[in-house]
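# An overview of the molecular structure
One letter stands for each residue in the lines below.
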Amino acid sequence: MKKSLLLSAVALAAFTANAEVIDYDFKTNPPFFTLIYTPVDEGGMGMSGEYDLIDKTGMDVNTSGTMFNEMNLEGLWVAVPNYAIDLVDGQTYNLVADDMDPLDYSHPFITWDPEGTGPARVHYFNGWNKWESYADFKAVDTGVPGEKDNDPGAYGPGSEQDFIASQGALGFLRGGNSASRTGTYVQFPEIKDPAKVTVWMCNQGGDYHEMGLYCEITPVIGSEVLDAIPVQGPSNYLPKRYYKVETVLPENVRGNVALRVGCAGSQVQLVHVRIETIDEAGIEGIIVDADENAPVYNMFGVRVDESYKGVVIKNGKKFIQK
């Protein structure tokens, strides 16, 4: 895999991101999803259609082919701990062997709770929302998406208030032998003082919809994993429709916080995730120490070290780190 396009995608995202509102649209951000569909001769992967990061058997099918679950002495499939898929380069890492800290990632990962029964199938859907406006969607919507793709507007918003122009979705599916798997999630980088997380999500329907439209947000502060926050969509949801659900975070979720958004055993697609900070004063609010040893952040509000290249923020000021 060529790295040139990957680095340019990260640089572009850094220049265009708003430090107070961070959007993960699963099409261009995190950067790996841009790389999937970029032609090979342009440094991408040249993929088309849908993309499995973790398949039904718990294997990483499109990078290293790593098995992410194993059978224990009782004959049950359980999660292999300490693995994660990096959503900047798409590669699989062993957090222990590669000396990576699961509580302080520098960018998004897909990973899972080792106490679960194995990672869920994780599937990237290209083109979940094909419309630039709600009016464009309604022009083709039959109103009854059902269980199949026979409605040309199947992958659209539940209402005008739910509409967002995201065109990708990251699905946590429970098909085949993965029906009992739990605890798979995306861990987003730490930011300073998040106040609200908005999730646009949908349920594929089918055989595994008993939990309804549901996911969980788990804050991580330093070495402490806080209690999971349930995110419940409308009970009358339609399958293959996405809905906007806003979650105001508790007052104790302050400081440098990483956020895990996960399936918690449900079958859910994340269409878009927006994280907003509590500080309305601008990017200066990200910096807490005004001294020579103050932490350095990129334009996403993600803490970086001296190896990071590009626009960074330190002591409330922006400069280019080479």
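Residues numbered from 1 in each chain as written. Predicted model: local features only at pLDDT ≥ 70, side-chain atom pairs only at ≥ 80, totals over all residues. Heavy atoms only, no water.

### Let's talk about the side chain of D162
The residue D162 is located in the loop between β9 (156-157) and β10 (168-173) in this model. This buried residue, D162, is left without a salt bridge; K244 holds the nearest opposite charge, at 7.3 Å. Polar side-chain contacts of D162 include one of 2.8 Å to the side chain of S159. Discounting chain neighbours no more than four positions away, the residues touching D162 are P157, W200, Y242, Y243 and K244. (Helix = DSSP H or I, 4+ residues; strand = E, 2+ residues; numbered from the N terminus. Buried < 20%, exposed > 50% of the residue type's maximum accessible area, 1.4 Å probe, protein only. Lys, Arg positive; Asp, Glu negative; His and termini not counted. Salt bridge = Lys/Arg side-chain N within 4 Å of Asp/Glu carboxyl O. Polar contact = N/O pair within 3.5 Å; in protein donor to acceptor, adjacent residues only side chain to side chain. Contact = heavy atoms within 4.5 Å.)

### Some words on the pairing of β10
Along β10, 6 of the 6 residues are buried, which leaves the element largely enclosed by surrounding structure. Neither face of β10 is exposed, since G168, L170 and F172 on one face and A169, G171 and L173 on the opposite face are all buried. Examined bridge by bridge, strand β8 (residues 121-126) and β10 share 6 bridges and lie antiparallel to one another. Paired with H123 across the bridge in β10 is G171. Bridge count for β10 against strand β18 (residues 268-277) is 3 bridges, and the pairing is antiparallel. Bridge pairing in β18 places F172 opposite V268. (Pairing = 2+ DSSP bridges.)

### Things to note about unusual backbone geometry
Glycine aside, negative phi is the norm for most residues, and most peptide bonds take the trans geometry. The omega torsion across N29 and P30 is 5 degrees, close enough to zero to call that bond cis. Tracing the backbone shows P30 in the loop between β1 (21-24) and α2 (32-37). Phi angles above zero are rare outside glycine, and F26 is one such case at about 55 degrees. With a phi close to 50 degrees, A264 is a non-glycine residue in the positive phi region. Relative to the helices and strands, A264 is located in the loop between β17 (256-262) and β18. Residue classification places A264 among the partly exposed positions, given a relative accessible area of 24%.

### Observations concerning the packing of aromatic side chains
As enumerated under the stated definition, the model contains 12 aromatic pairs in all. A centroid spacing of 5.9 Å and a plane angle of 40 degrees characterise the contact between Y37 and Y124, whose relative ring orientation is tilted. With Y37 in helix α2 and Y124 in strand β8, this pair connects stretches of sequence that are 87 residues apart. The same class applies to Y37 as to Y124, namely buried. With centroids separated by 5.7 Å and ring planes inclined at 50 degrees, the aromatic side chains of F68 and Y83 adopt a geometry described as tilted. Of the two residues, F68 sits in the loop between β2 (51-54) and β3 (69-71) while Y83 sits in strand β5 (residues 83-86), which places them 15 residues apart along the sequence. In textbook terms, an aromatic cluster arises when at least three aromatic residues are bridged by ring pairs, as seen for F26, F32, F33, Y37, Y51 and Y124. The ring of Y37 has K27 lying over it, and the distance from NZ or CZ to the ring centre is 6.0 Å. (Phe/Tyr/Trp six-rings, centres within 6.5 Å; stacked < 30°, edge-to-face > 60°. Lys NZ or Arg CZ within 6 Å of the ring centre and 35° of its normal.)

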